[in-house]
Amino acid sequence: MIERKAFYIGGEWTAPAAGGVTEVRDPATGELVGRTPRGTAEDVDAAVAAARAAFEPWAATPPTERIAVLDRVRDALRARNDELADLISAEMGAPRTFSRGAHVTMAVNNFDAAARAMEEILAEGEETIGSTLVVREPVGVVGAITPWNFPLHQISAKVAPALAAGCTVVLKPSEVAPLSAYALAEIFAEAGLPAGVFNLVGGAGRVVGERIVAHPDVDMVSFTGSTQAGRRIAELAATGLKKVTLELGGKSANILLDDADLAVAVPAAVKQCYANTGQACAALSRLLVPRSLLDEVERRAAEAATAWTVGQPSDPSAKLGPVASPDQQRSVLGFIDSGIAEGARLVLGGPTPPIATGAFVSPTIFSDVTGDMTIAQEEIFGPVLSILPYDTEDEAVRIANSVPYGLSGGVWSTDRDRAVALARRLRTGQVVLNGQPLNLRAPFGGYGQSGLGREYGRYGLEEYFEIKSLQGAG
Ligand code: NAD
């Protein structure tokens, strides 16, 4: 059991201003795996003051030195891959083979991508427009608020570019999975990050999160989480007219065209929905299929899904762990019940958990899903795939675009030009053609209610700058 009793503020492990503890439980067993302090507005105020005091010196630190710190953090994360991955599995239930193979690697890649993007900016030099020099300056103190689904990756997607740009940070990780954030604070200290540049305060979104967003000395809020919380954050940030980036929910469509290679596409499409036990904002949770191919796709999908063995996170053969918490399990099972009640046809799985104890959900597939059903409109965030038949490509595009979200999408076709033409019609921030792996240097973000702004690589880094025109300096 990991017992954390202090926040990381101004380079010191600092006892919280008031009592309160968040218990972290292994969702596979319910066992207590950690205790972290639950902060208050006072802790946030102390962290923001530390971040403010550290801002000018960090912004003035030569970017090459900032990059060197990020590279040391990247190397330390890589060196501690298995230990951090096992911590993540314990706090949110990802199978260890997946957390060891993906969760920490993504964080490593985010640190590397932010450092390389900063080098690119330095190599380009500053722009002149006529007699004006255009310069980038760090936004200031950044409040970062993150979810539990890829806890370390989501933190690094914000903190790495913020630090590269010269901003200082106050982080509030998810109260469901906060343990890896504490390990990251230790890594920052070991890597020689100056005191106050990175600060960590844990606790409830409504208390600690809202204080970060509303604090007058926080210049920018970078949030990843649900659309509901994102909306509240945008409202609070509006008072101070703060810069906000929001990475929110999704209900992304994977469109199978009639020339797709089904033997490859269908198992991959199942993976694009089930990876991380379906708890990915960009999960392709709606599979749109030509009506003439429906029977064959259902059969292949059910067959592919049987390879997604449910098991304890420590079991090397498990590809699906529990979902992150009993609350999450209740929510996912509720969506499965709604699918049945609204007339979708259950092809596989259903509302009975495959393992009686722990927050497990059976890999589930619905077919004959129509666009108006709850399971076709709302983010489920669990291993539930909805298959929707379509008759024409225009109809497929209409269905794909008929949700309030616009995060991601997929197209499967053996004709690249046809796939690209269709992908351009989807109102989403990214579209994955033929199962390409996620590129953490390419921009990622949402249209519509999936958010504002972009993360990853050069585009993600640019969010952390203000742009200043120096007239007459060019
Ligand atoms: P959540 O919105 O409940 O919580 C996310 C974070 O926000 C947590 O740290 C929480 O404490 C905090 N928070 C909650 N209410 C707040 C408020 N009023 N003010 C300030 N902070 C507040 O989300 P979650 O359940 O942790 O994560 C799942 C959600 O995150 C899903 O909807 C998923 O799609 C989304 N998500 C999006 C992306 C993306 O990049 N677009 C990535 C991962 C997850």
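Definitions and cut-offs
- Residues numbered from 1 in each chain as written.
- Predicted model: local features only at pLDDT ≥ 70, side-chain atom pairs only at ≥ 80, totals over all residues.
- Heavy atoms only, no water.
- UniProt positions renumbered as here; feature names shortened; annotations may be inferred.
- Buried < 20%, exposed > 50% of the residue type's maximum accessible area, 1.4 Å probe, protein only.
- Contact = heavy atoms within 4.5 Å.
- Disulfide = S-S within 2.5 Å.
- Near = heavy atom within 4 Å.
- Polar contact = N/O pair within 3.5 Å; in protein donor to acceptor, adjacent residues only side chain to side chain.
- Areas by Shrake-Rupley, 256 points an atom, 1.4 Å probe, with all protein chains shown as cover.
- Helix = DSSP H or I, 4+ residues; strand = E, 2+ residues; numbered from the N terminus.
- Nonpolar A, V, L, I, M, F, W, Y, C, P; charged D, E, K, R; others polar.
- Pairing = 2+ DSSP bridges.
- Axes fitted to C-alpha atoms, helices over the stretch in contact; angles between N-to-C directions.
- Right-handed = clockwise from strand over helix to strand, strands pointing away.
- pLDDT = per-residue confidence, 0-100.

Chemist: Sorry, what's going on with the UniProt feature "active site" (unreviewed entry) in the chain here?
Modeler: Summarizing the sequence annotation, UniProt attributes the feature "active site" (unreviewed entry) to Glu247 in the numbering used throughout. Glu247 sits in the buried class, given a relative accessible area of 4%. Once residues within four sequence positions are removed from consideration, Glu247 is found in contact with Phe223, Thr224, Gly225, Leu407, Phe444, Gly445, Gly446, Ser450, Gly453, Arg454 and Glu455.

Chemist: Looking at this model, I keep getting lost on the state of the cysteines. Mind explaining?
Modeler: When the sulfur atoms of two cysteines share a covalent bond, that bond is a disulfide. By the definition in use, this model includes zero disulfides. The structure places no disulfide on Cys273, whose sulfur is separated from the nearest cysteine sulfur, that of Cys281, by 13 Å.

Chemist: Can you walk me through the site of the ligand in this structure?
Modeler: Near the ligand, the surroundings consist of 28 residues, among which Thr146, Glu175, Ser226, Leu248 and Glu379 are the closest. Within the side chain of Lys172, a nitrogen or oxygen atom sits 2.8 Å from an oxygen atom of the ligand. A distance of 2.5 Å is found between an oxygen atom of the ligand and a side-chain nitrogen or oxygen belonging to Glu379. Protein contact buries 89% of the 830 Å² of open area that the ligand shows by itself. Taken together, the elements giving at least two residues each to the shell around the ligand come down to α7 (205-214), β11 (220-224) and α8 (227-239). The class makeup of the residues in the shell around the ligand is 12 nonpolar, 10 polar and six charged.

Chemist: Help me understand the sheet that holds strand β4 (residues 21-25) in this model?
Modeler: Remark on secondary structure: sheet strands pair via backbone hydrogen bonds, oriented parallel or antiparallel. Judged by pairing direction, the sheet is mixed, and its three strands sit side by side in the order β1-β5-β4 without closing on themselves. Unpaired on one side and paired on the other, β1 (2-3) and β4 mark the two borders of the sheet. Inspection of the sheet shows β1 paired to strand β5 (residues 32-37) by two bridges, in the parallel sense. The residue bridging Glu3 from the neighbouring strand is Arg35, located in β5. Along the sheet face, helix α6 (residues 179-190) touches β1, β4 and β5 and points at about 60° away from the line of β5.

Chemist: I'm lost on the pairing of strand β14 (residues 286-290) in this one. Help?
Modeler: Successive residues of a regular strand alternate their side chains across the two faces of the sheet. Most of β14 sits inside the fold, with five of its five residues counted as buried. Alternating residues of β14 divide into Arg286, Leu288 and Pro290 and Leu287 and Val289, and every residue in both groups is buried. One ladder, built from three bridges, connects strand β13 (residues 253-256) with β14; its direction is parallel. Following the sheet pairing, Asn254 is matched in β14 by Leu287. The β-α-β motif built from β13, the intervening helix α9 (residues 262-274) and the parallel element β14 has right-handed crossover chirality. Taken together, the five bridges between β14 and strand β17 (residues 384-390) define a ladder with parallel strand orientation. Residue Arg286 lies in a different strand from β17, and its bridge partner there is Ser386.

Chemist: Can you walk me through the confidence of the model for the chain in this structure?
Modeler: Any segment with low pLDDT has predicted coordinates that should not be analysed in fine detail. Per-residue confidence for the chain averages 98 on the pLDDT scale, and 100% of its residues sit at or above 70. Overall fold confidence (pTM) sits at 0.97, and the ipTM for the predicted complex is 0.95.

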